[in-house]
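Residues per chain, in single letters:
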Amino acid sequence: MISLTGVSKSFTLHNQGGAVIDVLSGVSFSVAEGECVALTGASGAGKSTLMRMVYGNYLTASGEIWVGDLELARAEPREVIQLRRETLGYVSQFLRVVPRVPTIDVVAEPLRAVGVAPEVAETRAQELLRQLNIPEGLWTLSPTTFSGGEQQRVNIARSFAFDYPAMLLDEPTASLDAANREIVLSLIEQAKARGAAIIGIFHDEAARKRICDREVDVSRFSPGMAA
Amino acid sequence: MRPLLSVRTVSKRYGAHVGCTDVSFDLYPGEVMGIVGESGSGKSTLLNCMAGHLAPDAGEVVFDTRADGPKDTVTMLEPERRMLGRTDWAFVHQHPRDGLRMGVSAGGNVGERLMAVGARHYGDIRGNATDWLERVEIDAARVDDRPTTFSGGMQQRLQIARNLVTGPRLVFMDEPTGGLDVSVQARLLDLLRGLVRDMGLSAIIVTHDLAVVRLLADRLMVMKSGRVVEAGLTDQVLDDPQHPYSQLLVSSVLQV
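Values in this document were obtained by computation on a predicted structure and should not be read as measured data.

What counts, and where the lines are drawn
- Residues numbered from 1 in each chain as written.
- Chains lettered and ligands numbered in written order.
- Predicted model: local features only at pLDDT ≥ 70, side-chain atom pairs only at ≥ 80, totals over all residues.
- Heavy atoms only, no water.
- Helix = DSSP H or I, 4+ residues; strand = E, 2+ residues; numbered from the N terminus.
- Contact = heavy atoms within 4.5 Å.
- Areas by Shrake-Rupley, 256 points an atom, 1.4 Å probe, with all protein chains shown as cover.
- Lys, Arg positive; Asp, Glu negative; His and termini not counted.
- Charge placed at Lys NZ, Arg CZ, Asp CG, Glu CD.
- Buried < 20%, exposed > 50% of the residue type's maximum accessible area, 1.4 Å probe, protein only.
- Buried area = accessible area lost by both parts, 1.4 Å probe.
- Salt bridge = Lys/Arg side-chain N within 4 Å of Asp/Glu carboxyl O.
- Polar contact = N/O pair within 3.5 Å; in protein donor to acceptor, adjacent residues only side chain to side chain.
- Nonpolar A, V, L, I, M, F, W, Y, C, P; charged D, E, K, R; others polar.
- pLDDT = per-residue confidence, 0-100.
- Axes fitted to C-alpha atoms, helices over the stretch in contact; angles between N-to-C directions.
- Parallel < 35°, antiparallel > 145°, perpendicular 65-115°, else oblique.
- Pairing = 2+ DSSP bridges.
- Left-handed = near helix turned anticlockwise from the far one by under 90°.
- Disulfide = S-S within 2.5 Å.

The subject of this paragraph is the overall build of chain B. Within chain B, the regular secondary structure consists of ten helices and ten strands. Expressed along its principal axes, the backbone C-alpha trace of chain B runs to roughly 55 × 50 × 40 Å. Restricting the contact set of chain B to residue pairs at least 6 apart, pairs at least 24 apart contribute 67%. Just so you have it, chain B exposes about 11,000 Å², and 51% of that area is on carbon and sulfur atoms. Charge separation in chain B, taken as the distance between the mean sites of 28 positive and 32 negative side-chain charges, equals 5 Å.

Let's shift gears to the environment of R130 of chain A. All names here are of chain A. Mapping R130 onto the fold places it in helix α4 (residues 118-131). Judged by its relative accessible area of 48%, R130 is partly exposed. It is 9.6 Å that separates the C-alpha atoms of R130 and A157, two residues lying 27 residues apart in sequence. In this structure R130 touches E136 and W139, once residues within four positions along its chain are discounted.

Attention shifts here to the interface of chain B and chain A. Counting residues at the interface gives 26 residues for chain B, matched by 24 residues for chain A. A combined buried area of about 2,200 Å² lies between chain B and chain A, and 54% of that area is made up of carbon and sulfur atoms. Three residues, R197, L233 and D240 of chain B, lead the burial of chain B against chain A; their summed loss comes to 24% of the area buried on that side. Counting across the chain B and chain A interface gives three salt bridges. The interface formed by chain B and chain A holds ten residue pairs in polar contact (both at pLDDT 80 or more) in total. Breaking the side of chain B that touches chain A down by element, the ones donating at least two residues are α7 (182-199), α8 (210-216), β10 (227-233), α9 (234-239) and α10 (244-251) of chain B. Residues that form the side of chain B that touches chain A fall into these classes: eight nonpolar, five polar and 13 charged.

With that settled, the discussion passes to the confidence of the model for chain B. Counting all residues, the mean pLDDT for chain B is 90, and 99% of those residues have values of 70 or more. Prediction confidence for the complex, expressed as pTM and ipTM, is 0.87 and 0.85 respectively.

Packed helices, taken two at a time, are described by the angle between their axes plus the distance between the axes. Residue and element names in this part refer to chain B. Following both chains from N to C, one finds helix α6 (residues 152-164) and α7 inclined at 10°, their axes separated by 10 Å at the closest point. By the angle class used here, α6 and α7 are roughly parallel. Contacts from G153, Q156, R157, I160 and L164 of α6 reach α7 at V184, R187, L188, L191, L192, L195 and M199.

A separate point is the pairing of strand β4 (residues 58-65) of chain B. Residue and element names in this part refer to chain B. Pairing between strand β1 (residues 5-14) and β4: five bridges, direction antiparallel. Residue pairing for β4: V7 is matched across the bridge by V61. The pairing of β4 with strand β5 (residues 69-72) spans four bridges and is antiparallel. Pairing of V62 across the sheet is with D72, part of β5. Where β4 folds back on β5, the antiparallel hairpin that results is connected by three residues.

With respect to the helices and strands, the residue K192 of chain A is situated in helix α6 (residues 178-193). The exposure class of K192 of chain A is buried, given its relative accessible area of 16%.

All names here are of chain A. An order of β2-β1-β4-β5 is seen for the four strands of this open sheet, with the pairing classed as antiparallel. Bordering the open sheet on either side are β2 (19-31) and β5 (70-71), each of which pairs with just one other strand. Bridge analysis of strand β4 (residues 62-67) against β5 gives two bridges, and the strand direction is antiparallel. Of the residues in β5, the one forming a bridge with W66 is E71. Of the strands in this sheet, β1 (2-13), β2 and β4 are in contact with helix α1 (residues 47-55), which crosses β1 at around 115°.

Once that is clear, we can look at the packing of helix α3 (residues 103-113) of chain A against α4 of chain A. Residues and elements named next belong to chain A. At a minimum axis distance of 8 Å, the contact between α3 and α4 shows a crossing angle of 125°. Comparing their axes, α4 and α3 come out oblique. You can see that α3 and α4 cross each other, and the crossing is right-handed. Along the contact surface, α3 presents T103, I104, V107, A108, L111 and R112, while α4 presents P118, A121, E122, R124, A125, Q126 and L129.

Below, the discussion takes up the state of the cysteines. Within this structure, the stated rule accounts for zero disulfides over all chains. A disulfide-free cysteine, C212 of chain A has its sulfur positioned 3.4 Å from the sulfur of C36 of chain A, the nearest such atom. We classify C212 of chain A as buried; its relative accessible area is 13%. The structure places no disulfide on C49 of chain B, whose sulfur is separated from the nearest cysteine sulfur, that of C20 of chain B, by 4.9 Å.

What follows is about the pattern of salt bridges. On inspection of all chains with the given rule, the structure shows 31 salt bridges over all chains. With a closest N to O distance of 3.9 Å, D68 of chain B and K71 of chain B form a salt bridge. For D68 of chain B, a relative accessible area of 51% corresponds to the exposed category. Take K71 of chain B: its relative accessible area is 26%, and that puts it in the partly exposed class. What you see here is one network of salt bridges that share partners, running through E64, E71 and R74 of chain A.

Given below as structure tokens:
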């Protein structure tokens, strides 16, 4: 479902003396349907960078990244947008929303975007919010004022509203208490069971052992810092 | 799928001064594109060339018309271009005063666009206008008030209602949230997003506010000195800018 071949990435900081930072080179691995692969490596090794390249918000310097039938390094913006709408879900560490939009609509939005009827989308959103222990009194409020853990759970509810065939999870269990962590892990297990291909970053080792089938150590692809 | 709008090597000079030069891109139905850049970078010149307000010195602006398919709007006859301006296109100005008729009631402002495309039944026009005022969250009781009695945010929403009432397919927006305070901005953004999704609109938004494009635009073009220096998916350009100027622009945003 997801496959990377000879992928590399560097950043050129034009406004800081043109410094070039090589982050990754020669990354190759693939993820099959129903499989979860963990990205590991020390902080700064390039785990999140690699994940963002798969999502398409970081450009790929060389190599190929396939998600389903689309090669991301050379895709048109509208192809990437369609991929994100219909194929590829992403749980980021931060929730980014339009101010003033109620939580229930934030969660239902991915379903609305693929043409699900408003009532059906709302019912599914209610189900997820209830499951993730977001108090019902908060559903009509914008999540911008919620606590970190609540925002994280709204973010997860939103990402699991639609059954994406491929998913990227960037620390989905960070800042969650034990009970909520358990709920999120079971959501991920359900997604695997229905055949989703998943790439995840988990600092929580127990979670990683439980969810992931394989680990890819990103630090073996990093060429180190170059001036 | 065929592009709704194809811009090919459009250039516009003001004497020796460059407005915009060699701009090309395709906009597909349902896409929202942002254009960012500092003042004087040519964003508004480009927008006005696309919307038929300015004649470019060179290049083509091909629009996929309902009747005849793709046609170059630069070379088409003036009446035909004006017709597009009343039906398939909408233009939201930064200053509501430029897009509204200040001496006419709110309902009249919305109804005028309908009459321009042939609506004649007073009851229908008024009903439609009232309906649109409510869609942009203006109290229907204000339908007979003049826009001079409205706040800036209300005027901007009225301008949007006036523009969208005829069901355009392409909306040009020049700094639609400029000059509004942030709480009003948020409300307007939310409104625009809903309208774009529900009506399947394509839009081109010129702004210097990167937060606005992140929320509204699928794609982004960065302009400097009349040229497009970088273009791509909005979050890619904002998260991983490649050109020195885009990097400067993104890193100059103040964190709240």
